[in-house]
Amino acid sequence: AAALKYAGHKLPVFPCKPANKRPLTDHGFKDATTAYGQVLTWWSRWPQALIGVPTGTVSGFSVIDLDHK
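Rules of the game
Within each chain, residues carry numbers counting from 1 in the order of the written sequence. The predicted origin of the model limits local features to residues at a pLDDT of at least 70 and limits the giving and counting of side-chain atom pairs to 80 or more, whereas totals for whole chains, interfaces and linings rest on all residues. Water and hydrogen atoms were dropped before computing side-chain values, which therefore reflect all heavy atoms in the structure. Helix and strand assignments come from DSSP, with helices taken as H or I runs of at least 4 residues and strands as E runs of at least 2, each series counted from the N terminus. Partly exposed describes any residue whose relative accessible area lies between the buried limit of under 20% and the exposed limit of over 50%, with all areas from a 1.4 Å probe on protein chains only and scaled to the type maximum. Working definition: the arc comes from the directions between the helix axis and the C-beta atoms, pointing outward to the latter. Here, residues are in contact when the closest pair of their heavy atoms is within 4.5 Å. The definition of a nonpolar core used throughout is a set of buried Ala, Val, Leu, Ile, Met, Phe, Trp, Tyr and Cys residues joined through side-chain atoms within 4.5 Å. The term polar contact refers here to a pair of N or O atoms within 3.5 Å; inside protein, the definition further demands a hydrogen-donor-capable atom paired with an acceptor-capable atom, and it admits residues adjacent in sequence only when both atoms are side-chain atoms. Any Phe, Tyr or Trp ring, taking Trp's six-membered ring, that has another such ring centre within 6.5 Å forms a pair; planes under 30 degrees apart are called stacked, those over 60 apart edge-to-face, and the others tilted.

Undergrad: When you look at unusual backbone geometry in this model, what are you seeing that I'm missing?
TA: Negative phi characterises most residues that are not glycine, and trans characterises most peptide bonds. The phi torsion at K10 lies on the positive side, around 65°, for a residue other than glycine. Take K10: it is sitting in the loop between α1 (2-8) and β1 (14-16). Taking the relative accessible area as the measure of exposure, K10 reaches 66% and is therefore exposed. Despite not being glycine, K21 has its phi angle at roughly 65°, a positive value. Along the chain, the position of K21 falls in the loop between β1 and α2 (36-45).

As structure tokens, this is what we get:
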């Protein structure tokens, strides 16, 4: 439901593996979409998938990942 909500707000999404956060689709973030039918198909197939959102101009998101040792 959350993935469909994001897509409905024009935020492209793609499914990721819960164990390692890697994309479940063949082309990863390049497969991200706002298409209701595709999002529904993905999360019907992988209901436990995490929601991936591509960064950059397509979403307007920038990310900084810091690991503190």
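Undergrad: Any chance you could explain α2 here in plain terms?
TA: For an α-helix, the turn length of 3.6 residues means that residues three or four places apart are oriented alike. Of all the residues in α2, the buried ones are V39, W42 and W43. Each buried residue of α2 sits inside an arc of 90° when the element is viewed along its axis, so together they form one side. Those residues of α2 that are exposed and angled more than 90 degrees off the buried face are S44 and R45. On its buried face, α2 is in contact with α1, β1 and β2 (50-52).

Undergrad: So what exactly am I meant to see when it comes to the nonpolar core here?
TA: If you look at the biggest cluster of nonpolar residues, it comprises 11 residues: A3, A7, V13, F14, C16, A32, V39, W42, W43, W46 and A49. Put simply, the parts of the chain that give this core at least two residues each are α1, β1 and α2.

Undergrad: Looking at this model, I keep getting lost on the side chain of S59. Mind explaining?
TA: Its location among the elements puts S59 in the segment after β2. A relative accessible area of 15% means that S59 is categorised as buried. At 3.1 Å, the side chain of S59 and the backbone nitrogen of F61 are in polar contact. Not counting residues up to four positions away in its chain, the partners in contact with S59 are L11, V53 and P54.

Undergrad: What is the right way to look at the environment of K30 in this model?
TA: The topology assignment puts K30 in the loop between β1 and α2. Since its relative accessible area comes to 67%, K30 is described here as exposed. Along the backbone, K30 and K10 are 20 residues apart, and their C-alpha atoms lie at a distance of 15 Å.

Undergrad: Is there a simple way to explain the packing of aromatic side chains in this structure?
TA: One pair of aromatic rings is described through two measures. These are the centre distance and the angle between the planes. Tallied over the full model, the rule gives one aromatic pair. With a centroid separation of 6.4 Å and an interplanar angle of 65°, the aromatic rings of W42 and W43 are classed as edge-to-face. The class for W42 is buried, based on a relative accessible area of 9%.

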